[in-house]
Amino acid sequence: MAAVIVLSQARPNIKLDPRSSSALRSDCAGNLMRLSWGEALAMGNELEVEAINGSRHVVLTPTLAAQCGYSMESDPWGNIRIYTSLMACYVDNKEDTTFDVGLRLKLYSRTSPDVVSHDVRQTCSYSRWASREILCDRNYMEVSRYVATPHAKGVAKAQSKDDDSKINAIPDTQSADPGIWKVTFDAAEPVSMVQKEAEQAGYSVTSTSKRLVMRSPYNTAETRQENVAGIPMEVIKVILYHKTPHGLSLVNMDAACPTGGVLFTEDVISWHIPRRVTPLIDGSFRIAEMHMGINGQRLDRSQMAKRGYTLATTDFHIVLEMPVGSPDGYYKSHAPDYQYHITYTLEPMLEVLWRKENAHDDTRYKVLFPITTPLMPRPPHIKDDTTIEDRLFRVQVGTFLHDVELRNITFSTGVLTVEECNAKGFTVQEHNFPNGSKSFSLQVPFESDVVLKHNPDPLVTIYTLSLIFGFMVLPEETPFAHPVELQASLQDVVLPTISGTCDQNQFYISVEYGSQGSNFQTMVGSRQLTPEVSRKEYNFQENGTNFSLVVPYNAPDTVFEFMTTHSVRARLDILLFDPKNNWLLADFYLSCHFPLTTTKCYPNGTMTALAVKVESVPNLIPSWLTLKDKSCKPTFSNDRSAYFSFSVNSCGTTRTFFDHYMMYENEIGLYHNNEGPFYHDKGVARTSPIDPDYRQTISCIYAINETKAVSFSYQQRLGEPSAEIGSGRLMVEMRLAEDSSYKLFYQAEDYPVVRYLRQPLYFEVALMESTDPQLELVLENCWATLHEERTSLPSWDLIVDNCENREDKALTVFHSVEGDVSISLQSHIKRFSIKTFTFTKDEEVLKDEIYVHCDAVICDKNSQSDGVCKGCVRPAGGGSSRQPEMKGVKREQRSMESSNQRQISSGPILLLNTEDSE
């Protein structure tokens, strides 16, 4: 980095700090003065350097620095070295032996308007000048030669201090050195310039009391590239015309500086310089001295050995070898193409003294040559310290140089800064090592949401943590990243479990979720459990860790294993499976005996029998079952059972007498014949009735050999016979129709009936098994409750004293039965409809089901008595009273059933909310 930093902005007030900063250090290094400073740019400041020439301060721009013999080296962290040639402009030179160098350093802060200034003065003594001295610095080549000047002493005495300063200053037209006439460059075409022209071209041509000095920046028009012993070098060939009292002398001011010759291995830097620099040396010579140095300062042999440096010669080269990582250099991080690399920078120095044989013409050759290795990839090493016992991912990534910072980490859920990671419960730490390197570690629990989980089999979980570490190289703030994927496998899955019990009518099933939660599907029998089925049919309950089902023994998903005269053994199969991987997680079956009377015998010689579909005949269709007489088919059948009713002297029933009883016996079976639909898959008909697919024997036993005494008497009839007054009970039934046509009604197995809020419910109340046209059914009161008990609270009136409840917004509507040809006695039936509603308290729904109850009165149409039989008589002022704070307040204690009053109920009715419901 051969540059002097100069600011062109307006200058604020300068504060001169007379105290020498603790980080400033100046010393003399042969023909150089070296200034080191270790904190300027590290504090975010910008630096400007001025040369102090008496009372003048001259700002050293990069161009002026190269022309006048100043150079600067800085690392990325602001550590600075400034080199000043003792033959530089603005140096106070006393007889080429004592040199006073003055520099002013100005620091410009980005955050403060003030400028901090440091003045540095250093006096160096140097008298071991060779006949010719060549200095190769970062930004210029300098050559000085001794010239014999018999009157130089007198001239020096005649000059004042100011004159001395002008000798080393860049001369203008009035102050041009009269001893230098012109300069000739041996370029592609010879070029001659007078001193002023050479200075305007960027060169420096001066003389001191005993020496001529020529300085050239690199890459000027008159320099050229040459290959010397395989080493690229920049060469300038100059003849200086110098006027002396003895006449005009021509002085060779050639210079050559290496621009390459460095070889790298992973561990060693080898720097090759030609042993004979042919542009400078001709004829025979020997190497009188050879020294190696670092940062412009010579090292002795013990220092070199301690650092592992070697200096040797071959037939053609001088070779310096330096280990990569020497403490004299520094490492630097880089991130080209988003990948981590490092370089190592070292500034060796070579100083050689060539001496011609049989002559006193010495050439001292000094080269300062900063070397930076090529980019060396250093992919971070990942150390996986995951501890399965702690269920914790632990990873360490490194190592990095000190100029790398961890800024963020990208997880599967997004990007988190280091601070956000620690706040989330992850542990991010930086680990620093004695050699100046560092690494970073991260801890993440398995249960975190950034960890992905996968199950390769039902009992094993693979935890995967995919992340990208986001780093930054300072101070350039160059980003790079490194992806990491960690995995851990654990046999830690707790499978769901199933348990169950039975009572007289139902199965009770409980499922514990296990460690995977409810991520499974449930099969009940051969049917997958859906939300609709679970709620509507099986009273599904769930609390986050388990769910339960209540399944009636005769539900569609149960299986009847076998049956006896008084019971049936039913089985419920439950299976839990993972639909994604088709894994069986748990299976369970529960078989229980449930009381069931399959055969009934009546005194009038009638038999009834119930046949059910059993597991051993899976393809049985109950409607195909018959008695022995195949014309005797079921009175009623569905997909699970068939019901037969017949007299003992029909349908092929046989009779057998025993000592004290008589048995009637028949058989329910599935028989095949050519006329029926019973065929095998291959199309061959079954014709044998001897061995049916299904057989159930039914029998009734009657006691015999009983003696009954019968008496008879006769009395002459005095009048016409009359009927004796007896007593009996009439039956009333309430049904719920599917729609307003009242054609189809819900059966017992259809309950609970599901309806949306404000959807109509159509009820029919009918007087059953009566043909008396003088009777009329009247609905006295109807009401809805939250619970099945008809006297429970809360309740809501629907019909009051044979009238609709006018206080209800969803008004009860009576429907006429006139015109319905299916009804023979219209006075025996009443129909009404309501709109579904829910019971609420403080705007909260209490329960999502209702029950409907009615008190019906059977009236004599010819009676003129008052009361409910008179019909709806509404009092003045409207309907019934109620308490408005809670919907469904009971009106009064419901009366017990009287001789002509019947109590009927319907329900439950489940309610579903919709977006447009009120």
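Since the structure is predicted, the reported quantities are computational estimates derived from the model, not experimental observations.

Draft legend 1. How the structure looks around the overall build of the protein. From N to C terminus, the protein includes 7 helices and 70 strands. Counting all 918 residues of the protein, 45% fall into the buried class. Pairs at least 24 apart in sequence give 64% of the contacts found in the protein among residues at least 6 apart.

Draft legend 2. Examining unusual backbone geometry more closely. Cis geometry marks the peptide bond from Gly398 to Thr399; its omega dihedral reads -5°. In this fold, Thr399 is placed in strand 35 (residues 392-400).

Draft legend 3. Up close: helix 7 (residues 531-538). Among the residues of helix 7, Val533, Ser534 and Tyr538 are the ones counted as buried. Viewed along the axis of helix 7, the buried residues span an arc of 100°, placing them on a single side of the element. Among the exposed residues of helix 7, those oriented more than 90 degrees off its buried face are Pro531, Glu532 and Arg535. Of the surrounding elements, those touching the buried residues of helix 7 are strand 45 (521-524), strand 46 (527-528) and strand 48 (546-552). Phi turns positive one or two residues past the end of helix 7, at Asn539, with a value near 50°.

Draft legend 4. Broad picture of the state of the cysteines. A complete count under the given rule lists 8 disulfides for this structure. Paired by a disulfide, Cys502 and Cys592 hold their sulfur atoms 1.9 Å apart. Every disulfide takes its handedness from the sign of the S-S torsion; for Cys502 and Cys592 that torsion is 70°, giving right-handed. Pair noted here: Cys502 is in strand 43 (residues 497-502) and Cys592 is in strand 51 (residues 583-595), with a separation of 90 residues, a long-range link. Since its relative accessible area comes to 27%, Cys502 is described here as partly exposed. Disulfide pairing places Cys782 opposite Cys854 at an S-S distance of 2.0 Å. The sign of the S-S torsion, about 115°, decides the handedness of the disulfide formed by Cys782 and Cys854: right-handed. Of this pair, Cys782 sits in strand 62 (residues 775-785) while Cys854 sits in strand 69 (residues 849-860), placing them 72 residues apart in sequence.

Draft legend 5. How the structure looks around the pattern of salt bridges. Evaluation of the coordinates by the stated rule reveals 42 salt bridges. One salt bridge connects Glu351 with Arg364, and the closest N-O pair in it is separated by 3.4 Å. Note that Glu351 is positioned in strand 30 (residues 348-356) and Arg364 in strand 31 (residues 362-368), a separation of 13 residues in sequence. A relative accessible area of 5% means that Glu351 is categorised as buried. With a closest N to O distance of 2.9 Å, Arg355 and Asp362 form a salt bridge. Using a relative accessible area of 14% as the deciding quantity, one classes Asp362 as buried. Via salt bridges that share partners, Arg128, Glu133, Glu289, Arg298, Glu351 and Arg364 belong to a single interconnected network.

Draft legend 6. Up close: the sheet that holds strand 7 (residues 80-85). Taken together, the 4 strands give an open sheet; going across it, the order is 2-3-7-6, and neighbouring strands pair in antiparallel fashion. Only two strands of the sheet have a single neighbouring strand rather than two, namely strand 2 (24-29) and strand 6 (70-74). Taking the axes of each pair of neighbouring strands and ignoring which way they run, one obtains an average angle of 15° across the sheet. Looking at chain direction, strand 6 and strand 7 are connected through 5 bridges and run antiparallel. Counted as the bridge partner of Glu73 is Arg81 from strand 7.

Draft legend 7. Structural context of the nonpolar core. The biggest cluster of nonpolar side chains holds 87 residues, and the ones touching the most others in it are Phe411, Leu442 and Phe469. Tallying contributions element by element places strand 41 (residues 460-473) first for this core, with 6 residues. In this structure, Phe411 is in contact with Leu416, Cys421, Phe426, Leu442, Val444, Val450, Leu465, Ser466 and Leu467, ignoring residues within four places of it in sequence. Grouped together as the second largest cluster of nonpolar side chains are 54 residues, Leu549, Leu585, Leu590 and Ile698 included.

Draft legend 8. Local environment of the layout of surface pockets. In this structure, the largest pocket encloses a volume near 1,600 Å³. In terms of lining, the largest pocket is formed by 43 residues, of which the most central are Lys536, Glu537, Glu749, Tyr751 and Pro752. Only helix 7, strand 48, strand 53 (606-612), strand 60 (753-756), strand 69 and strand 70 (901-912) provide two or more residues apiece to the lining of the largest pocket. Looking at the lining of the largest pocket, its residues break down into 23 nonpolar, 7 polar and 13 charged.

Draft legend 9. The arrangement of the packing of aromatic side chains in detail. What the rule picks out here adds up to 31 aromatic pairs. Seen in terms of ring centroids, Trp271 and Phe369 are 4.9 Å apart; in terms of plane orientation they differ by 10°. Their pairing is stacked. With Trp271 in strand 23 (residues 268-274) and Phe369 in the loop between strand 31 and strand 32 (371-372), the pair connects residues that are 98 residues apart, well separated along the chain. Exposure class is identical for Trp271 and Phe369. Each is buried. A connected cluster of aromatic rings, assembled from ring pairs, spans Tyr340, Phe400, Phe440, Phe469, Phe471 and Phe480. Above the ring of Tyr140, the side-chain terminus of Arg215 is found at 5.9 Å from the ring centroid. Just above the ring of Phe745 sits the side chain of Arg735; from NZ or CZ to the centre is 3.7 Å.

What counts and how
Sequence order sets the numbering: in each chain, residues are counted from 1 along the sequence as written. At least 70 in pLDDT is required for a residue's local features to be given in this predicted model, at least 80 for side-chain atom pairs to be given and counted, and no such filter applies to totals for whole chains, interfaces and linings, which use all residues. With hydrogens and water excluded, all non-hydrogen atoms of the structure serve as input to the side-chain values. Helix and strand definitions follow DSSP, with helices as H or I runs of at least four residues and strands as E runs of at least two, each counted in order from the N terminus. Note on exposure labels: buried denotes an accessible area under 20% of the residue type's maximum, exposed denotes more than 50%, and partly exposed covers the range between, all computed with a 1.4 Å probe on protein chains only. Every residue pair with non-hydrogen atoms within 4.5 Å of one another is taken to be in contact. Directions pointing from the helix axis toward each C-beta atom define the arc. Throughout, a disulfide means two cysteine sulfur atoms within 2.5 Å of one another. When a carboxyl oxygen of Asp or Glu lies within 4 Å of a side-chain nitrogen of Lys or Arg, that pair is called a salt bridge. For two strands to count as paired, DSSP must find a minimum of two bridges between them. Axis lines are fitted to C-alpha atoms, over the contacting stretch for helices. Their N-to-C directions set the angle, which ranges from 0 to 180 degrees. For the purposes of this section, nonpolar cores are sets of buried Ala, Val, Leu, Ile, Met, Phe, Trp, Tyr and Cys residues that join through side-chain atoms within 4.5 Å. Using only the protein atoms, space was sampled on a 1 Å grid; points where a 1.4 Å probe fits but cannot get out form cavities, open sets with protein on both sides within 12 Å along at least five of seven lines form pockets, and lining residues are those with an atom within 4 Å of a point. Grid points are joined across faces, edges and corners, and a volume is the space filled by probe spheres set on the points. Side-chain classes are defined by residue name, with Ala, Val, Leu, Ile, Met, Phe, Trp, Tyr, Cys and Pro counting as nonpolar, Asp, Glu, Lys and Arg as charged, and the others, Gly among them, as polar. In this scheme Phe, Tyr and Trp rings, the latter by its six-membered ring, pair at centre separations within 6.5 Å, and the angle between planes marks the pair as stacked below 30 degrees, edge-to-face above 60, and tilted otherwise. Only Lys NZ and Arg CZ are tested; either one counts as a charge over a ring when it is within 6 Å of the ring centre and within 35 degrees of the ring normal.

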